[in-house]
Amino acid sequence: MAEGRIGLPRGRSLDLARAPLVMGVINLTPDSFWEGSRADGAEAALATARAMVAEGADILDLGGESTRPGSAYVSEEEELSRVVPALAAIRAELDVPISVDTRKAAVARAALDAGADIVNDVSALEDDPDMAAVAAMAGAAVVLMHKKGTPLDMQRDPSYADAPREILDYLVARARQAREAGISPDRIVLDPGIGFGKRVEDNLDIIKHLARFKDAGYPVLVGLSRKSFLGALTGRAGAERLAGTVAANAAAMLAGADIVRVHDVAPAVDAAALVRALRQRP
Ligand code: HH2
């Protein structure tokens, strides 16, 4: 499965032979943890999308709700008004695969109607009982991400005996549920959820043992861009975490990540080119 293509709606697909692929993040929020990822409205999002595609992004990920630790709930109406006009504007101009970062089935449905290809759900289709059916009906790909607890409480004393094992078991169970709901296996991507209810050592164990996640047979996505474990390791604030991000992404890609979700597309594209070249060496 993970060696082929990720199926998308309208007969399109993502070629995993070109992996690692780069997913550029556009946050239509006023409060996402990295200020540089925020876009205020459809025009700003379209400008960022153009720049990311020019830099070589393979996928764009649009979100209307911050899920950083401690973040507050955003209403469906608010999330729809943030995401859908921006997505429609980008789809009208650019042919790039678009993912919608949401936990709400109504937002996913509207985004898919407006031309999105992928549902990126940090609750792995758990929070909204209609989410799996919406994705299945549209033939969308889904990113199933692990988190422990909710964004409000997930960093309150998380603990694991064996983080990679526990997280992988959860993701495999969620993938099974997704398939039972009619999502085809070539449309399922797993994500260990760096920073979502994890200690620094759990994030490190996940990256170091990422190859174990590939054993499940699905492509693996990792989102570690500028996250706080990099601050804990380097002593740097979010604005100074680009070098740490590139290094950590290179480590994740060398360990087998198929897709990296990033705020800074150009450096990730360069790192991916290096890793792709290394993978092609005998
Ligand atoms: N991380 C964030 C949001 N969505 N989705 C996936 N699949 N994997 C991730 O690691 C992931 C994600 C958090 O980053 P960001 O969107 O930049 O921040 P915020 O949630 O504050 O908007």
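As a reminder, the structure under discussion sits directly above these lines.
On a predicted model such as this, the values are computed, not experimentally measured, just so you know.

Peer 1: Just give me the short version of the pattern of salt bridges, but keep the residues and values in it.
Peer 2: Scanning the entire structure with this criterion turns up 21 salt bridges. A salt bridge links Asp117 to Arg10; the nearest nitrogen and oxygen atoms lie 3.1 Å apart. Here Asp117, found in the loop between helix H3 (105–113) and strand E6 (118–121), pairs with Arg10, found in the loop between strand E1 (5–7) and strand E2 (13–15); they are 107 residues apart in sequence, far enough to count as distant. Residue Arg10 is classed as exposed on the basis of its relative accessible area, which comes to 53%. Linked through salt bridges whose partners overlap, the residues forming this network are Arg10, Arg12, Arg91, Asp95 and Asp117.

Peer 1: Pulling in residues and values, what's your account of helix H9 (residues 242–254)?
Peer 2: Its 13 residues give H9 an end-to-end C-alpha distance of 18 Å, which sits within 8% of 18 Å, the value for a rise of 1.5 Å per residue. Listed in full, the buried residues belonging to H9 are Thr245, Ala248, Asn249, Ala252 and Met253. The buried residues of H9 occupy an angular sector of 135° when projected down its axis, which confines them to one face. Exposed and oriented more than 90 degrees from the buried face of H9 are Ala243 and Leu254. Downstream of H9 by one or two residues, Gly256 has phi in the positive range, about 120°.

Peer 1: Can you explain the layout of surface pockets? Please cite residues and give values.
Peer 2: Empty space among the atoms becomes apparent when a probe as large as a water molecule is rolled across them. Approximately 470 Å³ is the volume found for the largest pocket. Forming the walls of the largest pocket are 34 residues, and the residues nearest its centre are Phe33, Thr67, Arg68, Phe196 and Lys227. When residues of the lining of the largest pocket are traced back to their parent elements, those giving at least two are strand E3 (21–27), helix H6 (200–208) and helix H8 (228–234). In terms of residue class, the lining of the largest pocket is built from 10 nonpolar, 14 polar and 10 charged.

Peer 1: Can you break down the sheet that holds strand E8 (residues 188–191) residue by residue, with the values?
Peer 2: One open sheet accounts for eight strands, arranged E8-E7-E6-E5-E4-E3-E10-E9; its pairing is parallel. One side of each edge strand has no neighbouring strand; the edge strands of this open sheet are E8 and strand E9 (221–222). Where strand E7 (residues 141–145) and E8 come together, four bridges link them in parallel fashion. Across the sheet, residue Val143 finds its bridge partner in E8, namely Val189.

Peer 1: Talk me through a nonpolar patch on the surface; I want residue IDs and the actual numbers.
Peer 2: Taken together, Leu254, Leu274 and Leu278 make up a surface patch of nonpolar side chains, about 310 Å² in accessible area. Relative to the helices and strands, Leu254 resides in helix H9. Taking relative accessible area as the criterion, Leu254 reaches 57% and is therefore assigned exposed.

Peer 1: Provide a residue-level description of unusual backbone geometry, including the pertinent values.
Peer 2: In this model, Ala19 is joined to Pro20 through a cis peptide bond whose omega is 5°. Tracing the backbone through its elements, the reader meets Pro20 in the loop between E2 and E3. Here the phi dihedral of Arg10 falls at roughly 55°; this positive angle occurs in a residue that is not glycine. Positive phi, close to 60°, is recorded for Arg226, a residue that is not glycine.

What counts, and at which threshold
Within any chain, residue numbers begin from 1 and follow the written order of that chain's sequence. Predicted model: local features are reported for residues with pLDDT of at least 70 only, side-chain atom pairs are reported and counted for 80 or more only, and whole-chain, interface and lining totals are derived from all residues. Hydrogens are left out, water is left out, and the side-chain values use all remaining heavy atoms of the structure. Only one rule defines a salt bridge in this text: a Lys or Arg side-chain nitrogen within 4 Å of an Asp or Glu carboxyl oxygen. Under the scheme used here, helices are H or I runs from DSSP no shorter than 4 residues and strands are E runs no shorter than 2 residues, and both carry numbers assigned from the N terminus. Any residue under 20% of the maximum accessible area for its type is buried, any over 50% is exposed, and the rest in between are partly exposed; the area is computed with a 1.4 Å probe on protein chains only. Under the convention used throughout, the expected extent of a helix is 1.5 Å for every residue step, that is, one less than its residue count. To be clear, the arc concerns the directions from the helix axis to the C-beta atoms. With a 1 Å grid laid over protein atoms only, a set of points is called a cavity when a 1.4 Å probe fits there but cannot get out and a pocket when it is open yet has protein on both sides within 12 Å along at least five of seven lines; lining residues have an atom within 4 Å of a point. Grid points are joined across faces, edges and corners, and a volume is the space filled by probe spheres set on the points. When residues are grouped by polarity, Ala, Val, Leu, Ile, Met, Phe, Trp, Tyr, Cys and Pro land in nonpolar, Asp, Glu, Lys and Arg in charged, and all others, Gly among them, in polar. For two strands to pair, DSSP has to find at least two bridges joining them. Patch rule: a residue counts if its relative accessible area is over 30% and it has no salt bridge; like charges are joined within 9 Å, and nonpolar side chains (Val, Leu, Ile, Met, Phe, Trp, Tyr) within 5 Å. The protein chains shown are the only cover counted for residues, whose accessible areas, like all others here, come from Shrake-Rupley with a 1.4 Å probe.

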